[in-house]
Amino acid sequence: MNESVLHLLVFSDSHGNTKNMLKVAASESFDLAVHCGDGARDASLLSEFGYFVTVAGNNDFGMHDDDLLVDLEGVRVFITHGHVYNVKSSLDRLVTTAKRKNAQLVLFGHTHVPT
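Once a new chain begins, its residue numbering starts again from 1 and follows that chain's sequence as written. It should be noted that, the model being predicted, local features are given only for residues of pLDDT at least 70 and side-chain atom pairs only at 80 or more, the latter also being counted only at that level, while totals for whole chains, interfaces and linings use all residues. In computing side-chain properties, one takes all heavy atoms of the structure into account and sets aside hydrogens as well as water.

Draft legend 1. Here's a closer look at the side chain of T18. Note on conventions: DSSP H or I runs of at least 4 residues are helices, E runs of at least 2 residues are strands, and numbering of each starts at the N terminus. Assignment of secondary structure puts T18 in the loop between β1 (8–11) and α1 (19–27). Type-normalised accessible area, obtained with a 1.4 Å probe on protein chains alone, sets the label of each residue: buried when under 20%, exposed when over 50%, and partly exposed for intermediate values. T18 sits in the buried class, given a relative accessible area of 16%. Residue contacts are defined here by distance: any two heavy atoms, one from each residue, within 4.5 Å place the two residues in contact. Contacts of T18, omitting those with residues within four sequence positions, involve D42 and L45.

If you want it as structure tokens, here you go:
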């Protein structure tokens, strides 16, 4: 069976500190970079390395807080910053929303803690 593998590079909460983000993007092979907000404008720097998507976080002033639901090679991925789901307190609202959207993978930020 020939299965394709999609390599994602996921960032969040860069808050304008792009040095390490760009260093990783330059050194890794990936198909898609995802920025989960709070530094969403930083993600535009990733365009030189390939495709990227981003959502706005609570500190991305002037941008909409839109979530994304994307299909990546048959996998439904829910992308959000997480603040509207109170992810610092609990993942329950985020998980409930992801299930309602039939998402198989959730990418989020806001906590500043890898999860």
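Draft legend 2. How the structure looks around the packing of aromatic side chains. Two rings from Phe, Tyr or Trp (for Trp, the six-membered ring) form a pair when their centres are within 6.5 Å of each other. A pair whose planes differ by under 30 degrees is stacked, one over 60 is edge-to-face, and the rest are tilted. Tallied over the full model, the rule gives one aromatic pair. On the numbers, 6.0 Å between centres and 75° between planes, the contact of F78 with Y85 is edge-to-face.

Draft legend 3. Spotlight on the side chain of H81. In this structure, H81 sits in the loop between β5 (75–79) and α2 (92–100). H81 sits in the buried class, given a relative accessible area of 1%. A polar contact is formed between the side chain of H81 and the backbone oxygen of C36, at a distance of 2.7 Å. Among the polar contacts listed, one links the side chain of H81 to the side chain of D38, at a separation of 3.1 Å. Between N or O atoms, a polar contact is any pair within 3.5 Å; within protein, one atom must be a potential hydrogen donor and the other a potential acceptor, and residues adjacent in sequence are included only when both atoms are from side chains.

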